[in-house]
Amino acid sequence: MERTADHASGSRPARPRTDPEPPPPGGVLWTTAGDIRSLLSLPAAFTLQVAHPAVGAGVDQYSVFRTDPWGRGERSLRSVQLWVYGGEAAAEEGRRVRRVHKEIQGTDTRGRRYHSLDPACYAWVHATGFPIALYSGRYLFRRLTPAQERQLYREWLQVGRILGLHDRDMPQTIEEYWVYWRRMLAEEIEPTRVARELVATDAPLPRPETGSLPVRLLLRLTWPLLRTAFLRLRAFVTVGYMPPEARAVLGLEWSPAQERRLRWFSTALRLLVPMLPERLRYLPIARAARARWRAAAR
């Protein structure tokens with residue numbers, strides 16, 4: 001076997017890289033992140049991310065969310081699923097995310113220079129997932145006990161490490177997190193242009209170009225109605241599953257009647273989805289990981 005030049009010269013060989021572990025099988029994220037109900041919480045998380053002046057500016061300038069929203073959504077969803085269910089592929093996906101964002105930089109909405117991997121904004125993108133999962137989960141899954149909330153936060157810290165964040169970049173306890181959350185809402189978060197677009201019911205939305213020829217023809221004929229229905233649903237779940245204190249900062253209105261509709265809608269999903277077979281209840285990457293886990297346990 002050949003030796004490397006460093007080894008041959010007598011220096012100590014480099015240590016093999018130790019990748020961070022994804023959240024454990026059977027945990028809170030393992031149970032919920034791949035469930036189809038989790039899809040309904042993603043618009044709230046994305047809107048909260050882009051309400052950061054730097055993140056909003058970066059997405060406004062570099063993202064294809066306006067021209068290819070369906071492709072972008074599919075790629076983002078696959079990435080999130082790999083962070084939780086990817087096993088050895090989780091850390092590599094985290095490195096890929098960092099490579100994609102390496103060149104994204106510019107000036108934010110307040111005239112400050114930013115780089116997308118600066119922990120000040122990169123950590124916020126990751127941090128938004130925790131309060132959204134916690135708040136939307138009360139509607140779509142169940143209210144967590146204090147111990148389960150702490151477990152969820154520990155698992156979310158593991159996801160942050162997969163994304164390349166250092167522990168010094170993230171609040172290390174749930175108590176520290178809520179201090180950070182309140183400070184960000186008070187000092188940084190604002191209704192950016194992109195955040196406003198994501199809750200607009202009259203925003204442009206290109207038709208998805210997918211499926212067989214008959215499906216594409218049907219979409220072409222029905223798209224005006226489907227587009228309106230989709231945008232209204234997106235705005236409804238975005239505002240509804242966003243914590244009230246974040247809604248207030250973004251100036252998003254939410255009435256008692258809307259709250260009642262959200263509770264009825266969520267209760268129906270909470271009762272019906274668990275009755276579905278696993279192949280319909282879980283997204284493909286999650287379903288495959290769960291099957292591998294059960295096989296290994298046997």
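Residues numbered from 1 in each chain as written. Predicted model: local features only at pLDDT ≥ 70, side-chain atom pairs only at ≥ 80, totals over all residues. Heavy atoms only, no water.

Colleague: I'd like to hear about the packing of helix H7 (residues 119–127) against helix H8 (residues 129–140), residue by residue, with values.
Modeller: As a packed pair, H7 and H8 sit with axes 5 Å apart at the nearest point and diverge in direction by 15 degrees. By the angle class used here, H7 and H8 are roughly parallel. Residues Val125, His126 and Ala127 of H7 form the contact with H8, whose own contacting residues are Gly129, Phe130 and Pro131. A per-class count over the contact of H7 with H8 returns 4 nonpolar, 2 polar and no charged. (Axes fitted to C-alpha atoms, helices over the stretch in contact; angles between N-to-C directions. Helix = DSSP H or I, 4+ residues; strand = E, 2+ residues; numbered from the N terminus. Parallel < 35°, antiparallel > 145°, perpendicular 65-115°, else oblique. Contact = heavy atoms within 4.5 Å. Nonpolar A, V, L, I, M, F, W, Y, C, P; charged D, E, K, R; others polar.)

Colleague: Requested: an account of the packing of aromatic side chains, with residues and values cited.
Modeller: A full pass over the atoms with the stated rule returns 19 aromatic pairs. With 6.2 Å between their ring centres and 55 degrees between their planes, Trp124 and Tyr180 make a pair best called tilted. In this pair, Trp124 is assigned in helix H7 and Tyr180 in helix H10 (residues 174–187), connecting sequence segments 56 residues apart. Relative accessible area serves as the criterion here: at 0%, Trp124 is assigned to the buried category. On the basis of relative accessibility, which here comes to 12%, the residue Tyr180 falls in the buried class. Members of the aromatic cluster, connected to one another through ring pairs, are Trp124, Phe130, Tyr153, Tyr177, Trp178, Tyr180 and Trp181. (Phe/Tyr/Trp six-rings, centres within 6.5 Å; stacked < 30°, edge-to-face > 60°. Buried < 20%, exposed > 50% of the residue type's maximum accessible area, 1.4 Å probe, protein only.)

Colleague: Provide a residue-level description of the nonpolar core, including the pertinent values.
Modeller: Counting 69 residues, the largest nonpolar core has Val50, Phe130 and Tyr241 as the members making the most contacts within it. Each residue touching Phe130, except ones within four places of it in the same chain, is listed here: Glu149, Leu152, Tyr153, Trp156, Ile174, Tyr177 and Trp178. (Core = buried A, V, L, I, M, F, W, Y, C linked by side-chain atoms within 4.5 Å.)

Colleague: So what's going on with the side chain of Glu259? Residues and values would help.
Modeller: When you line up the elements, Glu259 lands in helix H14 (residues 256–272). Apart from the residues lying within four places of it in its own chain, the contact partners of Glu259 are Tyr139, Arg247 and Trp254.

Colleague: Describe the environment of Thr210, and please don't skip the residues or the numbers.
Modeller: Following the sequence through the fold, Thr210 ends up in the loop between helix H11 (193–198) and helix H12 (213–240). Assessed through its relative accessible area of 47%, Thr210 is described here as partly exposed. C-alpha of Thr210 to C-alpha of Trp70: the two residues are 140 residues apart in sequence and 9.5 Å apart in space. If near-sequence neighbours (up to four positions away) are discounted, Thr210 is found in contact with Val215 and Arg216.

Colleague: Any details on helix H5 (residues 69–85)? Residues and values, ideally.
Modeller: The end-to-end C-alpha separation of H5 is 24 Å, in line with the 24 Å expected for 17 residues at 1.5 Å each. Residues of H5 that are buried: Pro69, Gly71, Ser79, Gln81, Leu82, Trp83, Val84 and Tyr85. Along its buried surface, H5 packs onto helix H2 (28–32), helix H6 (89–101), helix H9 (146–162) and helix H16 (284–297). Gly87 sits one or two residues past H5 and shows a positive phi near 60 degrees. (Expected span 1.5 Å × (residues − 1).)

Colleague: Tell me about the confidence of the model for the chain, residues and numbers included.
Modeller: On average, residues of the chain score 91 in pLDDT, and 94% of them reach the 70 mark or higher. Note that residues 1–15 has pLDDT below 50 and, in this model, 2 contacts with residues that lie over four places away or in other chains. (pLDDT = per-residue confidence, 0-100.)

Colleague: Give me the pattern of salt bridges: which residues, what numbers.
Modeller: One pass over the full model with this rule turns up 21 salt bridges. Across the salt bridge formed by Asp108 and Arg112, the nearest N and O atoms sit 2.8 Å from each other. Here Asp108 falls in the buried class, since its relative accessible area comes to 7%. With a shortest N-O distance of 3.0 Å, Glu259 and Arg263 are connected by a salt bridge. Taken as a pair, Glu259 and Arg263 lie in helix H14 at a separation of 4 residues, close to a single helical turn. Residue Glu259 is classed as buried on the basis of its relative accessible area, which comes to 15%. For Arg263, a relative accessible area of 48% corresponds to the partly exposed category. Residues joined by salt bridges that share partners form a network here, namely Asp19, Glu92, Arg95 and Arg99. (Salt bridge = Lys/Arg side-chain N within 4 Å of Asp/Glu carboxyl O.)

Colleague: Please provide a residue-by-residue account of the side chain of Arg281, values included.
Modeller: Tracing the backbone through its elements, the reader meets Arg281 in helix H15 (residues 278–281). A polar contact of 2.8 Å, which involves the side chain of Arg281, links it to the side chain of Asp35. If we ignore the near neighbours within four places in the chain, the residues touching Arg281 are Gly34, Asp35, Ile36, Arg37, Val273, Pro274 and Leu276. (Polar contact = N/O pair within 3.5 Å; in protein donor to acceptor, adjacent residues only side chain to side chain.)

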